[in-house]
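Given next are the chains, with one letter for each unit.
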Amino acid sequence: MNIRFNFVRSVFYVFFYYFLLFSYRYLLYWVLRKAEKGLDKVTTSAVAESRHVFAYVCGLGFGFMSGAFALANVLADAVGPGTMGLRQGTEYFFIISAATTLCFILLHTFWGVVFFAALDRKNWGQVIWVVGSHLFVSCMTLLNVYQAYVATTLSAYVVLIITTALAFKVAGGRPQSIVHCFSIQ
């Protein structure tokens, strides 16, 4: 098969995966919000006060699943003798794959926090950020076929930094708490 056909097929898979992911993410949000009354009855603390913890755990779960699938794909590429370079590819394939997988695990965690908080507060700008940045980073990874590793990795990590700051803010974090965390007492 030629590279163009694989690229078009990959774009289809990204959009299909993207639609399923956000459908499940919203479904999980909806189920958790419906289950809050029942959870309040069986827990000692108020569930409504720990909503960001649910969002963090759900995002981390999505991140680990994303990482597991990425690892499986990389291992499938590594099968066979003499795989270094992977068919005239670069020797940096595995390190770039590891960095991208780490980035996606963290992004899914923080996207979960921002997405749940944005739906709770009906902040549609943040919902658009999560959906749009996810689509952007996913589509940027398609450029790895052309070995544009610097562009894809840098853009993913820039989005990670912005999303980390946004998740910190929506979870109630303050700059003073970061300073306090690293201060010697």
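Draft legend 1. Summary view of the confidence of the model for the chain. Summary statistics for the chain give a mean pLDDT of 82 and a share of 84% for residues scoring 70 or more. Per-residue pLDDT, averaged within each element of the chain, yields its smallest value for helix H2 (residues 36–42) (72) and its largest for helix H6 (residues 149–170) (95).

Draft legend 2. Highlighting helix H4 (residues 93–121). Spanning 29 residues, H4 covers 41 Å between terminal C-alpha atoms, matching the ideal 42 Å at 1.5 Å per step. Once H4 finishes, Lys-122 follows within two positions and takes phi at roughly 55°, a positive value.

Draft legend 3. Broad picture of the packing of aromatic side chains. Counted under the stated rule, the structure contains 5 aromatic pairs. Relative to Phe-115, the ring of Phe-22 lies with its centre 5.7 Å away and its plane at 65°, an arrangement referred to as edge-to-face. Taken together, the positions of Phe-22 in helix H1 (residues 3–34) and Phe-115 in helix H4 put the pair 93 residues apart, joining distant regions of the chain. Pair check on accessibility: Phe-22 and Phe-115 agree, each one buried.

Draft legend 4. Expanded view of the environment of Ala-70. Position of Ala-70 relative to the elements: it lies in helix H3 (residues 51–77). We classify Ala-70 as partly exposed; its relative accessible area is 24%. Through-space distance from the C-alpha of Ala-70 to that of Ala-98 is 8.8 Å; in sequence the pair is 28 residues apart.

Draft legend 5. Representation of the nonpolar core. Core analysis: the biggest nonpolar cluster contains 28 residues, and Leu-107, Phe-115 and Phe-116 have the highest contact counts within it. Of all the elements, H4 adds the most residues to this core, at 11 residues. The residues touching Leu-107, leaving out its near neighbours within four places in the chain, are Val-137, Ala-156, Val-159, Leu-160 and Thr-163.

Draft legend 6. Up close: the environment of Val-159. Positionally, Val-159 belongs in helix H6. Using a relative accessible area of 6% as the deciding quantity, one classes Val-159 as buried. Considered as a pair, Val-159 and His-134 are 25 residues apart in the sequence and their alpha carbons are 8.9 Å apart.

Draft legend 7. Region of the structure containing unusual backbone geometry. One non-glycine residue, Lys-122, lies in the positive phi region at around 55°. With respect to the element layout, Lys-122 can be found in the loop between H4 and helix H5 (124–140). You can call Lys-122 exposed: its relative accessible area is 58%. The backbone of Gln-147 shows a phi angle near 55°, a positive value even though the residue is not glycine. In this structure, Gln-147 sits in the loop between H5 and H6.

Analysis parameters
Residues numbered from 1 in each chain as written. Predicted model: local features only at pLDDT ≥ 70, side-chain atom pairs only at ≥ 80, totals over all residues. Heavy atoms only, no water. pLDDT = per-residue confidence, 0-100. Helix = DSSP H or I, 4+ residues; strand = E, 2+ residues; numbered from the N terminus. Expected span 1.5 Å × (residues − 1). Phe/Tyr/Trp six-rings, centres within 6.5 Å; stacked < 30°, edge-to-face > 60°. Buried < 20%, exposed > 50% of the residue type's maximum accessible area, 1.4 Å probe, protein only. Core = buried A, V, L, I, M, F, W, Y, C linked by side-chain atoms within 4.5 Å. Contact = heavy atoms within 4.5 Å.

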